[in-house]
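Overview (structure and organization)
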Amino acid sequence: MSRDSQDIILAPVVSEKSYAENEQGKFRFKVRIDASKVEVKRAIEELFKVKVVKVNMQKVLGKFKRLGRTSGMTSDWKKAIVTLESGEHIDFFEKV
């Protein structure tokens with residue numbers, strides 16, 4: 001089953017740690033919960049026209065949240081840490 005690249009990559013993960021790793025050629029993305037490493041690699045290469053060396057995946061479990069009397073859980077999600085070939089860079093993450 002082949003899915004569109006834009007359906008696999010949902011959003012970049014914006015944090016201090018992700019920006020610190022950008023200089024090492026590592027970029028973090030929020031991806032579909034059922035996405036595989038091969039699909040993520042193909043999607044990143046297609047969307048950003050870069051060469052991906054390695055993809056690490058991490059499942060992030062939802063947290064318990066409470067607002068007044070109402071309580072619930074946030075959704076589980078999956079994070080992909082993509083390592084690019086030396087010299088490659090995604091301009092999407094450039095600081096303003």
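Now for a description of the structure that goes with this document. These figures come from a predicted structure and were not determined experimentally.

With that out of the way, let us pick up the pairing of strand β2 (residues 26-31). Sheet topology places strand β1 (residues 9-12) next to β2; 3 bridges connect them, and they run antiparallel. Paired with Pro12 across the two strands is Phe29, which belongs to β2. Where β2 lies against strand β6 (residues 77-84), 6 bridges are found, and the strand directions are antiparallel. Looking across to β6, one finds that Arg28 is bridged to Ile81.

Attention now goes to the environment of Glu85. As for its placement among the helices and strands, Glu85 is situated in the segment after β6. Residues Glu85 and Ala43, spaced 42 residues apart in sequence, show a C-alpha to C-alpha distance of 16 Å. Non-local contacts of Glu85, meaning those with residues more than four positions away in its chain, are made with Lys51 and Val53.

Attention shifts here to the sheet that holds β1. The antiparallel open sheet is built from 4 strands, whose spatial order is β1-β2-β6-β3. Two strands lie at the open edges of the sheet, namely β1 and β3 (52-60), each paired on one side alone. Each strand of the sheet is rotated relative to its neighbour by a mean of 35 degrees, with strand direction disregarded.

Before going further, it helps to spend a moment on helix α3 (residues 37-48). Spanning 12 residues, α3 covers 16 Å between terminal C-alpha atoms, matching the ideal 16 Å at 1.5 Å per step. Within the sequence span of α3, burial applies to Glu39, Val40, Ala43 and Ile44. Relative to the axis of α3, the buried residues are bounded by an arc of 130 degrees and lie together on one face. Where α3 is buried, its residues meet α1 (5-8), β1, β2, β3 and β6. Where α3 terminates, the next one or two residues include Lys49, which has phi positive at roughly 55 degrees.

In total, this model carries 6 salt bridges according to the counting rule given. A salt bridge links Arg3 to Glu39, with the nearest nitrogen and oxygen atoms 2.8 Å apart. One end of the pair, Arg3, is in the segment before α1; the other, Glu39, is in helix α3, with 36 residues separating them in the sequence. Each member of the pair, Arg3 as well as Glu39, carries the same accessibility label: buried. The partner of Arg42 in a salt bridge is Glu46, with the nearest N and O atoms 3.5 Å apart. Within this pair, Arg42 and its partner Glu46 are both found in helix α3, separated by 4 residues, close to a single helical turn. Overall, the relative accessible area of 38% leaves Glu46 in the partly exposed class. Several salt bridges share partner residues, and in doing so they unite Arg3, Arg32, Asp34 and Glu39 into one network.

Conventions used here
- Residues numbered from 1 in each chain as written.
- Predicted model: local features only at pLDDT ≥ 70, side-chain atom pairs only at ≥ 80, totals over all residues.
- Heavy atoms only, no water.
- Pairing = 2+ DSSP bridges.
- Helix = DSSP H or I, 4+ residues; strand = E, 2+ residues; numbered from the N terminus.
- Contact = heavy atoms within 4.5 Å.
- Axes fitted to C-alpha atoms, helices over the stretch in contact; angles between N-to-C directions.
- Expected span 1.5 Å × (residues − 1).
- Buried < 20%, exposed > 50% of the residue type's maximum accessible area, 1.4 Å probe, protein only.
- Arc of directions from axis to C-beta.
- Salt bridge = Lys/Arg side-chain N within 4 Å of Asp/Glu carboxyl O.

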